[in-house]
Amino acid sequence: MPLVRFEAADTATHTQIGEGLTRVARATGRLETGHALGTYVLRHDDGCAECGATTEAGDTFFLDIDAGDVYCATHGAARRAAE
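If you're wondering where the values come from, they're calculated on a predicted model, not measured in any experiment.

**Student:** Is there a simple way to think about the environment of Ala 57 in this case?
**Tutor:** Tracing the backbone through its elements, the reader meets Ala 57 in the loop between strand 4 (38–43) and strand 5 (61–64). Along the backbone, Ala 57 and Thr 15 are 42 residues apart, and their C-alpha atoms lie at a distance of 8.7 Å. Look past the residues within four positions of Ala 57 in its chain and what remains in contact with it is Ala 9, Asp 10, Thr 11 and Ala 12.

**Student:** Looking at this structure, I do not really get the pairing of strand 4. What am I missing?
**Tutor:** Along any regular strand the residues' side chains alternate between the sheet's two faces. In terms of strand pairing, strand 2 (residues 14–16) meets strand 4 through three bridges, oriented antiparallel. When the bridges of strand 4 are listed, Thr 15 appears paired with Leu 42. Sheet topology note: the strand 3 (residues 31–35)/strand 4 ladder contains four bridges and is antiparallel. The partner of Leu 31 across the bridge, within strand 4, is Leu 42. Taken together, strand 3 and the strand that follows it, strand 4, pair antiparallel across an intervening segment of two residues.

**Student:** Sorry if this is basic, but what is going on with the pattern of salt bridges here?
**Tutor:** If the charged atoms of two oppositely charged side chains come close together, the side chains can form a pair. Here the structure, examined in full by the defined rule, presents five salt bridges. As a salt-bridge pair, Arg 43 and Glu 32 come within 3.9 Å of each other at their nearest N and O atoms. One end of the pair, Arg 43, is in strand 4; the other, Glu 32, is in strand 3, with eleven residues separating them in the sequence. Look at Glu 32 and you get partly exposed, because its relative accessible area is 25%. Between Arg 79 and Glu 50 there is a salt bridge; the shortest N-O distance is 3.1 Å. Residue Arg 79 is found in helix 2 (residues 73–82), and its partner Glu 50 is found in the loop between strand 4 and strand 5; the two are separated by 29 residues along the sequence. Overall, Arg 79 belongs to the partly exposed group, its relative accessible area being 25%. Through salt bridges with shared partners, a single ionic network connects Glu 32, Arg 43 and Asp 45.

Basis of the calculations
Residues numbered from 1 in each chain as written. Predicted model: local features only at pLDDT ≥ 70, side-chain atom pairs only at ≥ 80, totals over all residues. Heavy atoms only, no water. Helix = DSSP H or I, 4+ residues; strand = E, 2+ residues; numbered from the N terminus. Contact = heavy atoms within 4.5 Å. Pairing = 2+ DSSP bridges. Salt bridge = Lys/Arg side-chain N within 4 Å of Asp/Glu carboxyl O. Buried < 20%, exposed > 50% of the residue type's maximum accessible area, 1.4 Å probe, protein only.

Written out as structure tokens, the structure is:
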């Protein structure tokens, strides 16, 4: 389960991404286009898949690119260490 680490969420629900991550975001069902934040954004409004914690603006979070799950900094780091 490869994880992508995002340094800081732009808002509690979305983070702007570049073209390089659009394929991953689309495959996980989290891509939105034409959003107020930018051309491509990643939706993460459902919170951590492990504990349910919401991602606030400025928070680090992780995206599991196989399952499409989002993880908070604590649970994402633990999963990455287990890889």
